Amino acid sequence: MAALRWWPLGLALVWGCARTGLAHLPATAPPAPAQACSEFSQRSCEECLKNVSCLWCYTNNTCIDYPVRSILPPSSLCSLSNARWGVCWINFEALIIAIAVVAGLILVSIAVCCCYCCYCRRRSRSRPDEEEERLARKREERRLQSLQRKHERKLKHDEIRKKYGLLQDSDNPYSRFENE
């Protein structure tokens, strides 16, 4: 547990050594052993909570070790409305409510974002489909108009061929063209 309290200092020393090299390693005295939380009883909440492993109970003004095996301190130790950890101005009940509200807001906002994105995707997918259908209809209209014009040209050409006697027999289209 004591190692957890001093890991930022160790990290800073390692970072400093990595930047400056091992030759410039400063000689530091080992940290003083932390005081037990019970030594801060009958003092102030601020003094007790300077040590992050301590829990202040307002019912009997005691500073006790935080029960790390359970997430919340049991009511036999101290009621949630009178327990303080980290800061003196907020109790565990308010902390739990605030965390629940923030977590709820985050979940609701994620759900709203997901629904909105799905709705926008569906809308954006439907628009190109409508656009593609419209373009396909126009393309088909142009193709039909082109076929109609081609058929009209063929009829006109056939009339001209018939007029000048150049129309081939439909029975034998491969007959030789005879010149007079």
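Everything below is about the structure shown above.
If you're wondering where the values come from, they're calculated on a predicted model, not measured in any experiment.

Rules used throughout
- Residues numbered from 1 in each chain as written.
- Predicted model: local features only at pLDDT ≥ 70, side-chain atom pairs only at ≥ 80, totals over all residues.
- Heavy atoms only, no water.
- Helix = DSSP H or I, 4+ residues; strand = E, 2+ residues; numbered from the N terminus.
- Buried < 20%, exposed > 50% of the residue type's maximum accessible area, 1.4 Å probe, protein only.
- Contact = heavy atoms within 4.5 Å.
- Areas by Shrake-Rupley, 256 points an atom, 1.4 Å probe, with all protein chains shown as cover.
- Patch = residues over 30% accessible without salt bridge, like charges linked within 9 Å, V, L, I, M, F, W, Y side chains within 5 Å.
- Salt bridge = Lys/Arg side-chain N within 4 Å of Asp/Glu carboxyl O.
- Lys, Arg positive; Asp, Glu negative; His and termini not counted.
- Charge placed at Lys NZ, Arg CZ, Asp CG, Glu CD.
- Pairing = 2+ DSSP bridges.
- Axes fitted to C-alpha atoms, helices over the stretch in contact; angles between N-to-C directions.
- Core = buried A, V, L, I, M, F, W, Y, C linked by side-chain atoms within 4.5 Å.
- Disulfide = S-S within 2.5 Å.

A.B. asks: Explain the overall build of the chain to me, please; I cannot follow it from the model alone.
C.D. replies: Within the chain, the regular secondary structure consists of four helices and four strands. Here the chain holds 180 residues, and the buried ones make up 14% of them. Across the chain, every contact between residues at least 6 apart in sequence was considered, and the portion connecting residues at least 24 apart equals 32%. When the accessible area of the chain is evaluated, it comes to approximately 15300 Å², of which 60% is carbon and sulfur surface.

A.B. asks: Just checking my understanding: could you explain a negative patch on the surface for this structure?
C.D. replies: A cluster of acidic residues, Asp129, Glu130, Glu132 and Glu133, forms a negative patch at the surface. Mapped onto the elements, Asp129 comes out in helix H4 (residues 92–163).

A.B. asks: Please explain the sheet that holds strand S3 (residues 83–85) as it appears in this structure.
C.D. replies: Taken in spatial order, the four strands make up an open sheet running S2-S1-S3-S4, and their pairing is antiparallel. Either end of the sheet is taken by a strand with one partner, and the two such strands are strand S2 (62–65) and strand S4 (87–91). Averaged over neighbouring strand pairs, the angle between their axes works out to 40 degrees when direction is ignored. Bridge count between S3 and S4: two bridges; the pairing is antiparallel. Bridge pairing in S4 links Arg84 to Asn91.

A.B. asks: When you look at the pattern of salt bridges in this model, what are you seeing that I'm missing?
C.D. replies: If charged atoms from side chains of opposite charge come close, those side chains can pair. Across all of its chains, the model carries five salt bridges by this definition. One salt bridge in this structure joins Glu140 and Arg143, with 2.6 Å as the shortest N-O distance. A residue pair is termed a helical-turn pair when its members lie 3 or 4 positions apart in one helix, as Glu140 and Arg143 do in helix H4 at three residues. In this structure, Lys154 and Asp158 form a salt bridge, with 3.4 Å as the shortest nitrogen-oxygen distance. Here the residue Lys154 and the residue Asp158 both occupy positions in helix H4, the gap between them amounting to four residues, near one helical turn. We classify Asp158 as partly exposed; its relative accessible area is 22%. Taken together, the salt bridges that share partners define one network made up of Lys154, Asp158 and Arg161.

A.B. asks: Is there a simple way to explain the nonpolar core in this structure?
C.D. replies: Across soluble globular proteins, nonpolar side chains have a tendency to be buried as a group. If you look at the biggest cluster of nonpolar residues, it comprises nine residues: Cys37, Phe40, Cys45, Cys48, Leu49, Cys54, Trp56, Cys63 and Cys88. Listed by contribution, the elements that provide at least two residues to this core are helix H3 (45–48) and strand S1 (54–57). Setting aside anything within four residues of it in sequence, one finds Cys48 in contact with Phe40, Cys54, Leu55, Trp56 and Cys63. Counting seven residues, the second-largest nonpolar core is a separate cluster that includes Leu55, Cys78, Ala83 and Phe92.

A.B. asks: Please explain the environment of Val52 as it appears in this structure.
C.D. replies: Among the secondary structure elements, Val52 is positioned in the loop between H3 and S1. The class for Val52 is exposed, based on a relative accessible area of 58%. Each C-alpha atom of the pair Val52 and Tyr66 lies 8.5 Å from the other, and the pair is 14 residues apart in sequence.

A.B. asks: Sorry if this is basic, but what is going on with the state of the cysteines here?
C.D. replies: Working definition of a disulfide: a covalent bond connecting the sulfur atoms of two cysteines. Overall, the coordinates contain four disulfides when judged by the stated rule. One disulfide bridge connects Cys37 with Cys54, the sulfur atoms lying 1.9 Å from each other. Here the S-S torsion is close to -90 degrees, and the disulfide linking Cys37 with Cys54 is therefore left-handed. With Cys37 in the loop between helix H2 (7–20) and H3 and Cys54 in strand S1, the pair connects residues that are 17 residues apart, well separated along the chain.

A.B. asks: Sorry, what's going on with the pairing of S2 here?
C.D. replies: Successive side chains on a regular strand alternate, one facing one side of the sheet and the next facing the other. Across four bridges, S1 lies against S2 in antiparallel orientation. From the neighbouring strand, Cys57 faces S2, where its bridge partner is Thr62.

A.B. asks: Please clarify how a nonpolar patch on the surface should be interpreted in this entry.
C.D. replies: A surface patch of nonpolar side chains, about 290 Å² in accessible area, is lined by Ile71, Leu72 and Ile96. Within the element layout of this structure, Leu72 appears in the loop between S2 and S3.

By themselves, these figures tell us nothing about what the structure is for.
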